[in-house]
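Coordinate inspection notes
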Amino acid sequence: MESFTPELKRLLTAAQCRFVRPGKGDHEIWYSPITALHFVVDGKIKSRHTANAVLRQAGLPKYF
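Let us look at the structure shown here. These figures come from a predicted structure and were not determined experimentally. (Residues numbered from 1 in each chain as written. Predicted model: local features only at pLDDT ≥ 70, side-chain atom pairs only at ≥ 80, totals over all residues. Heavy atoms only, no water.)

**So, the packing of aromatic side chains**
Inspection of every chain in the model, using the stated rule, returns three aromatic pairs. The interplanar angle of 70 degrees and the centroid separation of 5.1 Å between the aromatic rings of F4 and F64 together place this pair among those described as edge-to-face. With F4 in the segment before α1 (5-14) and F64 in the segment after α2 (48-57), the pair connects residues that are 60 residues apart, well separated along the chain. On the basis of an interplanar angle of 80 degrees and a centroid distance of 6.3 Å, the ring pair of F19 and W30 is categorised as edge-to-face. Highlighted residues: F19 in strand β1 (residues 18-22) and W30 in strand β2 (residues 27-32), separated in sequence by eleven residues. Residue class for F19 comes out partly exposed when judged on its relative accessible area of 40%. (Phe/Tyr/Trp six-rings, centres within 6.5 Å; stacked < 30°, edge-to-face > 60°. Helix = DSSP H or I, 4+ residues; strand = E, 2+ residues; numbered from the N terminus. Buried < 20%, exposed > 50% of the residue type's maximum accessible area, 1.4 Å probe, protein only.)

Okay, here's the thing in structure tokens:
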């Protein structure tokens, strides 16, 4: 099964969200200027529900 992470990162970058720092393991901390929140992006997201939850935290509509 493919990971949703590469496409998710492309969408986040297009929406002006930015990578802040590495987190624990294969996680990354990102920042959204839309919601003014920091949120976690896993390195290998296998679930579309998880990918959409990250988009929601970033203030973006569902995509997956």
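**Topic: the pattern of salt bridges**
In the structure shown here, the tally under the stated rule is three salt bridges. The closest approach of N and O atoms between K9 and E28, which form a salt bridge, is 3.2 Å. Highlighted residues: K9 in helix α1 and E28 in strand β2, separated in sequence by 19 residues. (Salt bridge = Lys/Arg side-chain N within 4 Å of Asp/Glu carboxyl O.)

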